[in-house]
Amino acid sequence: MPTRSPARLVVALAVAAVLAVFLIYQAVANSSTPTVTPSQIGHQSGKLAVVGTVVGPVTGDAHSAAGMRFALADPNDAKPVRVLVDYHGDDPPPLFQPGRSVVVTGTFARGRLSGTGIITKCPSKYTTSAPKA
Amino acid sequence: MADLGRAALVVTLGLALYALVAGGYAAHTNRRRLADSARNALVCAFGSTLVAALVLLAALARHDFSFQYVAAHTNRTLSTGYALSALWAGQEGSLLLWLLILTGYGALAVFVNRTLLRDLVAWVVPVLGGVASFFAFVLVAVASPFKTQVPPVDGAGLTASLQNPYMVAHPPMLYLGYVGLAVPFAFAAGALLSGRTDERWIVATRRWTLAAWTFLGFGQILGAHWAYVEVGWGGYYAWDPVENAALMPWLAATAFLHSVMIQERKGMLKVWNVVLVALAFELSVFGTFLTRSDVVNSIHSFAKSPIGGWFLAFVVISSLFSLALILLRLPLLKARTKLESALSREATFLYNNLLLVALCLTVLWGVLFPVLTQLVKGETRTIGRPYYDFFLRAFGLPLLLLMGIGPLIAWRRTSVRALLRTLAWPIGVSVVCGAALVLAGAGSSRPGLIAYTFSAFVLATIVVEVVRGTRAVGSVFTLVARNRRRYGGYVVHAAVVLLAIGIAGSSAYGRSTEQRLLPGQTMRFDGYRLTYRGVTRVNTPQALETRAHLDVSGRWNGSIATGTNDYKFPPEPNKKVAIETDWLRGEDLYVIADIRNSGAVYFTVLVKPLVNLIWLAGIVFVLGSLVAMWPDAREQRRLVTRLAPARASA
């Protein structure tokens with residue numbers, strides 16, 4: 001019967017632990033972004049991802065210096081808070097329109113979100129839309 | 001009709017529960033007739049689930065809007081093909097497909113192995129019955145596809161982006177993969193429950209695992225291609241949690257497919273293999289939970305549905321069951337031999353496994369990170385693409401290298417000198433390729449250059465292996481026929497190399513620009529000259545199709561049109577990109593248009609080198625898997641001989 005060396009297990013666990021710590025460090029230090037709804041922004045500033053529902057009117061042009069402007073409300077309008085967005089960058093996805101759930105990434109300062117990226121959520125396979133009566 | 005569907009599902013639930021309870025009791029008390037009866041119940045559960053699925057398919061084909069499900073996912077303008085594909089377009093229908101595949105797979109697996117592995121199958125039946133009971137319960141009590149209503153005039157229609165042939169094939173492929181992983185899991189659990197932890201369960205489920213793994217892998221390639229041609233952002237994989245949900249079990253299953261070879265040959269890694277097969281199955285259910293629970297933010301905005309909690313409970317209970325079972329049977333899972341050298345094929349397979357599992361857990365960490373930060377810090381933080389890209393390079397590139405070394409290194413032990421001698425040709429080829437690539441300007445991306453050089457190394461090792469083998473037996477066909485598993489594996493390795501080259505080419509060496517043009521204006525980019533000619537609008541019964549037309553000259557000559565379709569049922573816009581493929585270079589010219597009322601159009605032009613190798617990799621991957629799975633009479637005879645002693649002791 002082969003004998004097992006506890007040293008091997010200790011080394012394996014140590015390697016796993018180092019890897020786990022490294023993963024945590026990588027994630028926290030470099031790549032993570034706070035993700036909030038409009039009502040959760042509070043006094044935060046800097047890089048944010050804001051999850052919300054687009055509130056019209058949508059004005060301006062993403063390619064112009066002034067950018068495209070719209071507001072974001074809490075999903076399902078849970079709280080009556082609006083965040084104003086100035087968006088510059090690539091065209092928003094085709095599904096972008098008032099009432100649609102989106103995630104806008106950008107920098108939040110002085111009460112406005114300067115957006116640089118928009119993800120429009122797919123009209124899901126797993127959400128049901130009301131059939132026409 | 002809806003009553004028939006509901007009744008069929010109730011029958012399925014009853015049969016699955018019987019398979020679970022009676023099967024478990026029969027296996028525990030060694031009652032053969034009761035075990036046969038439980039097995040037959042599992043087979044019949046497939047029949048009743050098939051009836052339920054046919055009822056729903058008939059309602060979809062007839063546009064029977066008295067079914068809430070049919071009204072929510074189809075309308076009268078939808079073609080029959082897409083109407084039938086709505087079976088998996090909604091939550092309840094896709095769960096029904098899950099159950100149909102599960103009972104189908106289960107029935108076939110226990111039927112095929114009923115004689116050769118009778119003692120094992122007796123325990124497999126209750127495990128599969130337990131999984132099927134859960135899905136049948138959810139369909140009967142929580143998310144029934146057979147809810148009825150007063151029929152509306154028309155239905156809501158199918159989301160425009162899902163009306164695409166790739167989307168017809170992509171979800172069922174993934175389901176075939178996810179659900180298929182239940183079979184090796186059930187056999188592993190059966191082996192542990194019965195206390196017969198020899199290699200029989202691995203041999204019996206090898207093809208099942210391969211098939212599930214192939215479906216899952218090919219399903220992901222189809223999904224990536226759908227995103228590329230339909231979503232219109234120029235990419236094919238966004239590291240979205242829902243995409244990752246399919247990647248994670250595939251990575252775990254890849255590790256399992258490699259490590260079982262070590263157990264079969266050396267009797268090692270027994271604990272590791274049962275952990276991997278349980279991990280792959282749990283991750284496949286976790287993926288289903290993820291897509292239906294709204295616990296993480298995803299571009300796939302899945303609703304917060306009541307089934308999320310049920311799935312979480314199932315994942316927790318089945319994970320605890322697996323863990324307890326493995327711990328309980330730990331004394332039976334001791335290795336027959338041990339690793340003799342860090343320079344051996346066994347060790348290389350182990351490194352490969354560690355890297356695959358590390359990549360899998362890294363992705364899982366990224367998916368769960370927002371949930372964990374919410375729990376720990378009360379603040380949701382999400383992890384972006386740089387995190388995933390970093391770890392893909394950190395783990396993926398060494399994996400690529402190991403894919404070349406593994407098949408050529410000797411079993412048990414070897415020396416560095418002997419290894420270098422074996423790898424002399426592949427190393428030479430990769431060094432020459434690397435130098436040529438640097439001279440050709442590929443040095444602009446270090447990860448890209450490394451990926452290309454390692455790919456050349458792996459391809460060279462495959463060629464060396466095939467040439468050596470062919471010399472020995474006289475013909476490449478004889479060579480492959482004599483060891484389909486091994487050479488099928490090499491074809492799959494070639495597919496992974498194509499995938500790596502395609503990903504490296506299109507991401508590390510891709511180029512893009514954006515420009516505003518008025519009719520008659522021209523832009524130049526990367527050897528292409530694009531002249532904007534104007535906009536057309538065509539009103540069809542399905543959509544208002546708006547297109548910006550461009551004349552292209554330079555590296556390719558012709559005309560392209562790109563724009564949007566504003567669908568009417570349901571009213572949704574959808575981007576239509578122009579993709580022109582240069583097959584000789586494997587490169588795409590990819591143009592996205594943002595058409596303004598002023599007549600100006602913002603064009604985003606992307607050049608995607610070698611991106612088509614990714615889709616080609618999908619085809620080669622399936623071919624390689626088919627070769628590895630193909631029935632082999634010689635292997636079957638070896639199997640019968642090998643299982644004979646175990647059967648005698650059963």
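Predicted model, so just to flag it, every value in this text is computed and none were measured. (Residues numbered from 1 in each chain as written. Chains lettered and ligands numbered in written order. Predicted model: local features only at pLDDT ≥ 70, side-chain atom pairs only at ≥ 80, totals over all residues.)

Draft legend 1. Main features of the overall build of chain A. A count of helical and extended segments in chain A gives 1 helix and 6 strands. In chain A, the order of α-helices and β-strands from amino to carboxyl end is α-β-β-β-β-β-β. Per-residue burial for chain A yields a buried fraction of 32% across its 133 residues. Contacts in chain A between residues far apart in sequence, at least 24 positions, make up 49% of those at least 6 positions apart. (Helix = DSSP H or I, 4+ residues; strand = E, 2+ residues; numbered from the N terminus. Buried ≥ 20, exposed ≤ 12 C-beta atoms within 10 Å, placed from the backbone. Contact = placed C-beta atoms within 7 Å.)

Draft legend 2. Just the overall build of chain B, in detail. Looking only at helices and strands, chain B features 21 helices and 10 strands. In terms of overall dimensions, chain B is globule-like: its C-alpha atoms have a radius of gyration of 27 Å, near the 26 Å expected for 650 residues. With respect to the three principal axes, the spread of C-alpha positions in chain B is 85 × 75 × 55 Å. A buried classification covers 52% of the 650 residues belonging to chain B. Of the contacts made within chain B by residues no fewer than 6 positions apart, 73% connect residues no fewer than 24 positions apart. (Rg over C-alpha atoms; globule rule 2.2 N^0.38 Å.)

Draft legend 3. Fine view of the confidence of the model for chain B. Per-residue confidence for chain B averages 90 on the pLDDT scale, and 96% of its residues sit at or above 70. Two summary scores accompany this predicted model of the complex, namely pTM at 0.90 and ipTM at 0.75. (pLDDT = per-residue confidence, 0-100.)

Draft legend 4. Examining the pairing of strand 5 (residues 543-554) of chain B more closely. Residues and elements named next belong to chain B. One ladder, built from 11 bridges, connects strand 4 (residues 528-539) with strand 5; its direction is antiparallel. What sits directly across from Val 535, in strand 5, is Ala 548. Linking two consecutive strands that pair antiparallel, namely strand 4 and strand 5, is a turn of 3 residues. Two elements, strand 5 and strand 6 (residues 558-568), share 10 bridges in a ladder whose sense is antiparallel. Across the sheet, residue Thr 546 finds its bridge partner in strand 6, namely Thr 564. (Pairing = 2+ DSSP bridges.)

Draft legend 5. Quick peek at the pairing of strand 6 (residues 112-120) of chain A. All names here are of chain A. Of the pairings in the sheet, the one linking strand 4 (residues 82-87) to strand 6 comprises 4 bridges and is parallel in character. Bridged to Tyr 87 within strand 6 is Gly 115. By the bridge criterion, 8 bridges tie strand 5 (residues 101-109) to strand 6 in an arrangement that is antiparallel. Across the sheet, Val 104 pairs through a bridge with Ile 118, a residue of strand 6. A loop of 2 residues connects strand 5 with strand 6, the two strands running antiparallel in sequence, and Arg 110 in this loop sits at a positive phi of about 50°.

Draft legend 6. Summary view of the sheet that holds strand 8 (residues 578-582) of chain B. Residue and element names in this part refer to chain B. Pairing is antiparallel in the open sheet, where 4 strands are placed in the order 2-10-9-8. Strands at the two margins of the open sheet, each flanked by one partner only, are strand 2 (511-517) and strand 8. Averaged over all pairs of adjacent strands, the angle between their axes in this sheet comes to 15°, without regard to strand direction. In this structure, strand 9 (residues 587-595) lies alongside strand 10 (residues 601-608), joined through 8 bridges in antiparallel fashion. Note on strand 10: the bridge partner recorded for Ile 592 is Thr 604. (Axes fitted to C-alpha atoms, helices over the stretch in contact; angles between N-to-C directions.)

Draft legend 7. Quick peek at the sheet that holds strand 6 of chain B. All names here are of chain B. On the basis of which strands lie adjacent, the open sheet formed by 5 strands has the order 3-4-5-6-7 and antiparallel pairing. Edge strands, defined here as strands with exactly one partner in the open sheet, are strand 3 (522-525) and strand 7 (571-576). Within the sheet, the average angular offset between the axes of one strand and its neighbour, ignoring direction, is 25°. Of the pairings in the sheet, the one linking strand 6 to strand 7 comprises 6 bridges and is antiparallel in character. Its bridge partner being in strand 7, Asp 566 is matched across the sheet by Pro 573.

Draft legend 8. Structural detail: helix 10 (residues 241-266) of chain B. Taking 1.5 Å as the rise per residue, helix 10 of chain B with 26 residues should run 38 Å; its terminal C-alpha atoms sit 37 Å apart, in good agreement. A positive phi of about 70° marks B:Gly267, the residue just after helix 10 of chain B. (Expected span 1.5 Å × (residues − 1).)

Draft legend 9. Region of the structure containing the nonpolar core. Counting 197 residues, the largest nonpolar core has B:Ala19, B:Phe135, B:Ala182 and B:Ala252 as its most contacted members. The greatest single-element share of this core, amounting to 17 residues, is contributed by helix 9 (residues 200-231) of chain B. Discounting chain neighbours no more than four positions away, the residues touching B:Ala19 are B:Ala38, B:Ala41, B:Leu42, B:Ala45, B:Val125, B:Pro126, B:Leu128 and B:Gly129. A:Val50, A:Tyr87, A:Val102 and A:Ile119 belong to the second largest nonpolar core, which has 22 residues in total. (Core = buried A, V, L, I, M, F, W, Y, C linked by C-beta atoms within 7 Å.)

Draft legend 10. Spotlight on the confidence of the model for chain A. Model confidence for chain A is summarised by a mean pLDDT of 77, while 77% of its residues fall at 70 or above. In this model, residues 124-133 of chain A is a region of pLDDT below 50 whose contacts with residues beyond four sequence positions or in other chains number 34 contacts.

Draft legend 11. Just unusual backbone geometry, in detail. Residues and elements named next belong to chain B. Even without glycine at this site, His 63 takes up a positive phi of about 50°. If you trace the backbone, His 63 turns up in the loop between helix 2 (32-61) and helix 3 (68-73). The class for His 63 is partly exposed, based on 19 C-beta atoms found within 10 Å. Of note, the phi angle at Arg 412 is positive, near 70°, even though the residue is not glycine. Inspection of the secondary structure assignment puts Arg 412 in the loop between helix 14 (385-405) and helix 15 (416-422). Assessed through the 14 C-beta atoms surrounding it within 10 Å, Arg 412 is described here as partly exposed.

Draft legend 12. Quick peek at the environment of B:His170. Residue and element names in this part refer to chain B. On the secondary structure map, His 170 appears in helix 7 (residues 165-180). For His 170 and Glu 230, which are 60 residues apart along the polypeptide, the C-alpha to C-alpha distance reads 13 Å. Once you skip the residues sitting within four places of it in the chain, His 170 turns out to touch Gly 219, Leu 222, Gly 223 and Trp 226.

Draft legend 13. Highlighting the packing of helix 16 (residues 424-439) of chain B against helix 17 (residues 446-473) of chain B. Residues and elements named next belong to chain B. Relative orientation of the contacting elements helix 16 and helix 17 amounts to 145°, with a least axis distance of 8 Å. Crossing of helix 16 against helix 17: the hand is right-handed. Residue-level inspection shows Trp 425, Pro 426, Ile 427, Val 429, Ser 430, Cys 433, Gly 434, Leu 437 and Val 438 of helix 16 in contact with helix 17, the latter providing Leu 449, Tyr 452, Thr 453, Ala 456, Phe 457, Ala 460, Thr 461 and Val 464. Grouping the constituent residues of the contact of helix 16 with helix 17 by class yields 13 nonpolar, 4 polar and no charged. (Left-handed = near helix turned anticlockwise from the far one by under 90°. Nonpolar A, V, L, I, M, F, W, Y, C, P; charged D, E, K, R; others polar.)

Draft legend 14. Representation of the packing of helix 2 of chain B against helix 6 (residues 118-142) of chain B within the structure. Residues and elements named next belong to chain B. Where helix 2 contacts helix 6, the two axes come as close as 9 Å, and the packing angle between them is 40°. Of the possible angle classes, the one that applies to helix 2 and helix 6 is oblique. The element helix 2 and its partner helix 6 pack so that their crossing is left-handed. Taken together, the residues of helix 6 that come into contact with helix 2 (itself represented by Ala 35, Ala 38, Arg 39, Leu 42 and Ala 45) are Val 121, Ala 122, Val 125, Leu 128, Gly 129 and Ala 132. (Parallel < 35°, antiparallel > 145°, perpendicular 65-115°, else oblique.)

Draft legend 15. Inspection of the environment of B:Arg529 at higher detail. Residue and element names in this part refer to chain B. By secondary structure assignment, the location of Arg 529 is in strand 4. You can call Arg 529 partly exposed: it has 15 C-beta atoms within 10 Å. With 342 residues separating them in the primary sequence, Arg 529 and Phe 187 have C-alpha atoms 60 Å apart.

Draft legend 16. Quick look at the environment of B:Ser625. Residues and elements named next belong to chain B. Note that Ser 625 resides in helix 20 (residues 612-629). As for Ser 625 and Trp 213, which are separated by 412 residues in sequence, their C-alpha atoms are 9.0 Å apart. For Ser 625, the contacting residues outside a window of four places in its chain are Leu 210, Thr 214, Gly 488 and Val 492.

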